[in-house]
Amino acid sequence: LTVKAGETIDFRFTNTGQIAHDAFIGDDAAQMEHEAEMAEMGDGDGHGMEEGALVLQPGESGELSYTFSEPGTFEVGCHQPGHYAAGMKIDVTVE
């Protein structure tokens with residue numbers, strides 16, 4: 001996904017699976033920090049109210065709006081146990 005700096009993107013997610021999934025937006029450093037935080041919590045519900053984050057239980061849908069204010073490389077990553085390491089992420093390039 002490529003967006004322009006200053007652009008707001010409305011992400012829409014539907015969890016059609018059998019387990020929780022989440023979406024966390026940030027650069028590589030933020031993703032690594034968040035992965036560590038989620039691993040410590042273990043319950044998978046650790047960021048439901050943070051800006052740039054959303055947790056969806058099976059059958060739920062939700063939206064996440066995010067303004068990419070600076071150029072760079074970002075990701076939308078799922079940090080439920082094992083998901084991010086398995087590649088559950090979207091790369092976002094901000095020009």
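You'll find the structure just up there.
Residues numbered from 1 in each chain as written. Predicted model: local features only at pLDDT ≥ 70, side-chain atom pairs only at ≥ 80, totals over all residues. Heavy atoms only, no water.

**So, the packing of aromatic side chains**
In step 1: Scanning all chains against the criterion turns up four aromatic pairs.
In step 2: Between Phe11 and Phe68, the aromatic rings sit 6.5 Å apart at their centres with planes inclined by 75°, giving edge-to-face as the arrangement. Of this pair, Phe11 sits in strand 2 (residues 7-14) while Phe68 sits in strand 5 (residues 61-68), and the two are 57 residues apart along the sequence. For the pair Phe11 and Phe68, one class covers both residues: buried.
In step 3: Three or more aromatic residues joined by ring pairs make a cluster, and in this case those are Phe11, Phe13, Tyr66, Phe68 and Phe74. (Phe/Tyr/Trp six-rings, centres within 6.5 Å; stacked < 30°, edge-to-face > 60°. Helix = DSSP H or I, 4+ residues; strand = E, 2+ residues; numbered from the N terminus. Buried < 20%, exposed > 50% of the residue type's maximum accessible area, 1.4 Å probe, protein only.)

**Thoughts on the pairing of strand 5**
In step 1: Here strand 5 shows one buried face, formed by Gly62, Leu64, Tyr66 and Phe68, and one open face, formed by Ser61, Glu63, Ser65 and Thr67.
In step 2: In this sheet, strand 5 lies alongside strand 2 in antiparallel orientation, the contact comprising eight bridges. Bridging from a neighbouring strand, Glu7 pairs with Phe68 of strand 5. (Pairing = 2+ DSSP bridges.)

**Some points on the pattern of salt bridges**
In step 1: The tally for this structure, following the rule as stated, stands at three salt bridges.
In step 2: As a salt-bridge pair, Glu63 and Arg12 come within 3.4 Å of each other at their nearest N and O atoms. Within this pair, whereas Glu63 is found in strand 5, its partner Arg12 is found in strand 2, the two being separated by 51 residues in sequence. No difference in accessibility class separates Glu63 from Arg12, as the two residues are exposed.
In step 3: The closest approach of N and O atoms between Glu75 and Lys89, which form a salt bridge, is 3.5 Å. In this pair, Glu75 is assigned in strand 6 (residues 72-77) and Lys89 in strand 7 (residues 89-94), connecting sequence segments 14 residues apart.
In step 4: When its relative accessible area of 8% is taken as the criterion, Glu75 is described as buried.
In step 5: A relative accessible area of 39% places Lys89 in the partly exposed class. (Salt bridge = Lys/Arg side-chain N within 4 Å of Asp/Glu carboxyl O.)

**Re the pairing of strand 7**
In step 1: For strand 1 (residues 2-3) and strand 7, the ladder comprises two bridges, and the chain directions are parallel. What sits directly across from Val3, in strand 7, is Val94.
In step 2: Bridge count between strand 6 and strand 7: six bridges; the pairing is antiparallel. Among the inter-strand pairings, Gly77 is bridged to a residue of strand 7, identified as Lys89.

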